[in-house]
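Listed below, chain by chain, are the residues.
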Amino acid sequence: MTVSAMATVMPTIVPATRGPRRLLLVVLLAALVSGRAVPAAPTPGAHGGGGDTITVFAAASLTASFQALATAFEQAHPGTHVQLNFAGSPTLVQQIQDGAPADVFASADEANMQKVVEQKAVVGSPAVFTRNTLEIAVVPGNPKHVAGLADLAKPGLIVALCGPTVPCGRYAAEAIAKAGATMPDASQEPDVKAVLTKVSLGEADAGVVYVTDVKAAAGKVQGVPIPEPGNVVARYPIAALVHAPNAGGAAAFVAFVLSADGQRILATFGFLPR
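Conventions and cut-offs
- Residues numbered from 1 in each chain as written.
- Predicted model: local features only at pLDDT ≥ 70, side-chain atom pairs only at ≥ 80, totals over all residues.
- Heavy atoms only, no water.
- Buried < 20%, exposed > 50% of the residue type's maximum accessible area, 1.4 Å probe, protein only.
- Helix = DSSP H or I, 4+ residues; strand = E, 2+ residues; numbered from the N terminus.
- Pairing = 2+ DSSP bridges.
- Disulfide = S-S within 2.5 Å.
- Right-handed = clockwise from strand over helix to strand, strands pointing away.
- Core = buried A, V, L, I, M, F, W, Y, C linked by side-chain atoms within 4.5 Å.
- Contact = heavy atoms within 4.5 Å.
- Phe/Tyr/Trp six-rings, centres within 6.5 Å; stacked < 30°, edge-to-face > 60°.
- Lys NZ or Arg CZ within 6 Å of the ring centre and 35° of its normal.
- Salt bridge = Lys/Arg side-chain N within 4 Å of Asp/Glu carboxyl O.

(A) Looking closely at the pairing of strand S1 (residues 53-59). For S1, the tally of buried residues reaches six of seven residues, placing the bulk of the element in the interior. Alignment of S1 against strand S3 (residues 104-106), held across three bridges, turns out to be parallel. Of the residues in S3, the one forming a bridge with Phe57 is Phe105.

(B) Local environment of the state of the cysteines. In this structure the tally under the stated criterion is one disulfide. For Cys162, the disulfide goes to Cys168, at an S-S distance of 1.6 Å. Between Cys162 and Cys168 the sulfur-sulfur dihedral comes to about -95°; the bridge is accordingly left-handed. Residue classification places Cys162 among the buried residues on the basis of a relative accessible area of 5%.

(C) The pairing of strand S2 (residues 81-87), seen in detail. Note that S1 and S2 share seven bridges and pair parallel. Among the inter-strand pairings, Ala59 is bridged to a residue of S2, identified as Ala87. The β-α-β motif built from S1, the intervening helix H3 (residues 63-76) and the parallel element S2 has right-handed crossover chirality.

(D) Structural view of the nonpolar core. Of all hydrophobic cores here, the largest spans 63 residues; its most connected members are Leu62, Phe66, Phe129, Ile136, Leu152, Tyr210 and Phe253. What Phe253 contacts, discounting residues up to four positions off in sequence, is Ile54, Val56, Phe66, Ala70, Phe73, Val82 and Val104. Counting residues in hydrophobic clusters, the runner-up holds 13 residues, among them Phe57, Val93, Ile96 and Ala239.

(E) Examining the packing of aromatic side chains more closely. Taken as a whole and judged by the stated rule, the model has eight aromatic pairs. Where Phe129 meets Tyr236, the ring centres are 6.1 Å apart and the plane angle is 75°; that geometry is what we call edge-to-face. Of the two residues, Phe129 sits in strand S4 (residues 127-138) while Tyr236 sits in strand S9 (residues 233-240), which places them 107 residues apart along the sequence. The exposure classification of Phe129 matches that of Tyr236, with both residues buried. An aromatic cluster of at least three residues, connected via ring pairs, comprises Phe66, Phe73, Phe129, Tyr171, Tyr210, Tyr236, Phe253, Phe256 and Phe271. Of note, Arg170 hangs over the ring of Tyr171, and the distance from its end group to the ring centre comes to 5.5 Å.

(F) Quick peek at the pattern of salt bridges. Applying the stated criterion across every chain, the model contains six salt bridges. Between Asp109 and Arg170 there is a salt bridge, with its nearest N and O atoms 2.4 Å apart. Highlighted residues: Asp109 in the loop between S3 and helix H5 (110-118) and Arg170 in helix H6 (residues 167-178), separated in sequence by 61 residues.

(G) Examining the side chain of Thr63 more closely. Tracing the backbone shows Thr63 in helix H3. Contacts of Thr63, omitting those with residues within four sequence positions, involve Phe86 and Lys193.

(H) Geometry of unusual backbone geometry. Despite not being glycine, Lys120 has its phi angle at roughly 55°, a positive value. With respect to the helices and strands, the residue Lys120 is situated in the loop between H5 and S4. The exposed category is assigned to Lys120, whose relative accessible area is 69%. For Asn142, which is not glycine, the phi dihedral falls at a positive 50°. Summarising the element assignment, Asn142 is placed in the loop between S4 and strand S5 (159-162).

Dropping the structure here:
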């Protein structure tokens, strides 16, 4: 029987009667005829009330790789959006400590992650998800003939380095010391992408960045390898944050980065296995 037909015969099926049970029956049948359903009780979101957006704070050197990870994660979780915030690790730590609404933190070093751990702001223990090494970035063609870290102190050479509190700056200073070279006069940039930009624009002759940065900027800069004994291995930890607006999403994204699929994506950008 169609709805219109039911509407036609309803007065003869349900005569006006008294009593609460009869009244309830009339109301329910009327709702059926009008096409309305009794609404179901709302259920909590799968991500603990944080919606479908996962906000990830990641070190600047992870820019290209985390953009690819975010795309792959969104494809595997339709309707979910990964919002990325890139900066130097100390800047991200400060933002987190100031109450920025972040779900996940991926640092370029363990020292900056430890600052967040000490604030009791991470869930469980951070996990190292990848590693990286250093390389000297020079202007394409290497017109100043930079052959190693010792050459960075050559008179007249314009050098860009990360600031001493930024992981890439601390790693660079460590590598220069291991090589027995002189620390050059250099700019102090807020993150490794700023160093790379200066070299790619010709505003600096050379800068110490990560191997992955040189690979990502192929054609814009040229890499000068740093021999293994004098190089530094950077360890990158990741963690979900205690005050994450999207706790479930944070846990899922961290798990994805640590998974075989996530590790394969990182490897395509030149990162080393964790």
